[in-house]
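Observations on the model geometry
Spelled out, the chains give:
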Amino acid sequence: METIDLRSDTVSWPLPEMREAMANAPVGDDVYGEDPTINQLQQEAADMLGKEAGLFVSSGTQGNIVAALTHCGRGDEMILAREAHMFRYEQGASAALGGIQPNILDVQPDGTLRLDAIKRAIRGDDQHFPRTKLICLENTQGTIGGIPITAEYTNEVGAIARENGLKLHIDGARLFNAATALDTPVNELVAAADSVSFCLSKGLCAPVGSVLVGSKAFIHEAHRTRKILGGGMRQAGILAAAGLIALRKMTKRLHEDHANACSLAEGIAEIPHLSVDLSRVKTNMFFFDVADNAPITADELRARLKAEYNLLIGGFYGMPNRVRLVTHYWITPEKVDAALSAIREVMS
Ligand code: TLP
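Everything numeric in this text was worked out from a predicted model, so none of it was measured.

**What about the pattern of salt bridges?**
- According to the stated counting rule, one finds 17 salt bridges in the structure shown.
- In this structure, R174 engages D9 in a salt bridge whose closest nitrogen and oxygen atoms are separated by 2.8 Å. Here R174, found in the loop between β6 (167-172) and α8 (175-182), pairs with D9, found in the loop between β1 (4-5) and α1 (16-24); they are 165 residues apart in sequence, far enough to count as distant. Neither R174 nor D9 differs from the other in exposure class; each is buried.
- Across the salt bridge formed by R253 and E256, the nearest N and O atoms sit 3.5 Å from each other.
- Residue E256 is classed as partly exposed on the basis of its relative accessible area, which comes to 40%.

As structure tokens, then:
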């Protein structure tokens, strides 16, 4: 039985044409800046996002850590969401490796941080306080269900950052999903940001990698930060070759994943004991909850779907009744139907 993996878009395999491009990629030593495929990817990514320069990094996590450590020094503070991947799922790297103190704010249901809360969180010049250096946003906001953040809101945060001499970083792991859902050109979505990291390896199907973009001066420093983290790579053009296909081709088809997520969510909403807020299904990710009085728990549902149907579904830390489903290139409408009938049967 073929596996249907809805746990994350990180599980998406590279396309056959990616494997072929990888095999044939021109390469060089990237620590010398001599890998033509890496250089091409970095420039194309920067151009697409409307920034001067780009840096290929090993993962979304590394992109965020490099950005935070480049923008901030030890003892500085960054403002971000309690629900941000950078706060919740990166081992506290900015604090552990960079001595950066997170100042966390609650995210609102639309994925934004309240503007007045951001303003209040910015420290004054006082010897008791750390210095605020950075604001971080996440687009799409993952832990609240892949919610896209608009350009208008991002511009407002950018204005607050500029007025206060701060930098704005966007964790855009799924930035192209946001751009697709909002029908906004991706460069407009991040125009206010000083740095943006986006992932090639999630819905864009590349096997490895993210790109961090920003000004030439920022990327120059980010190079140093990546190196001290052990992230200098050699003939990494093999990876960038897949990244170029991700960027040129896979960014254009994400509406298909969003449509599949909608069909999946609509089907789930009709299954007794399962609840999903359809108004929050905006991109390729959503949650549903298993009712307390359901015949089985979410854990049992997960285990049975895996054992009996080879269907893998996600969870949500701290919420045992919650299931996360994520669509991607390999989740076709036929697989959505197969997943729905499996869930229906197990729940009946
Ligand atoms: N998210 C993963 C898990 O780590 C939770 C997932 O399956 O969703 N920013 C955001 C918003 C992310 O969702 C992720 C990965 C990252 C950064 C980190 O990317 P990687 O896994 O490439 O380090």
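**A few points about the domain arrangement of the protein chain**
- When its domains are assigned, the protein chain resolves into domain 1 (15-251) and domain 2 (253-347).
- The C-alpha centroid of domain 2 is placed 29 Å from the C-alpha centroid of domain 1.
- The interface of domain 1 with domain 2 comprises 24 residues on the first partner and 15 residues on the second.
- When domain 1 packs against domain 2, close to 1700 Å² is buried across both sides, 62% of that on carbon and sulfur atoms.

Thresholds applied
- Residues numbered from 1 in each chain as written.
- Predicted model: local features only at pLDDT ≥ 70, side-chain atom pairs only at ≥ 80, totals over all residues.
- Heavy atoms only, no water.
- Salt bridge = Lys/Arg side-chain N within 4 Å of Asp/Glu carboxyl O.
- Helix = DSSP H or I, 4+ residues; strand = E, 2+ residues; numbered from the N terminus.
- Buried < 20%, exposed > 50% of the residue type's maximum accessible area, 1.4 Å probe, protein only.
- Domains from an automatic or database assignment.
- Contact = heavy atoms within 4.5 Å.
- Buried area = accessible area lost by both parts, 1.4 Å probe.

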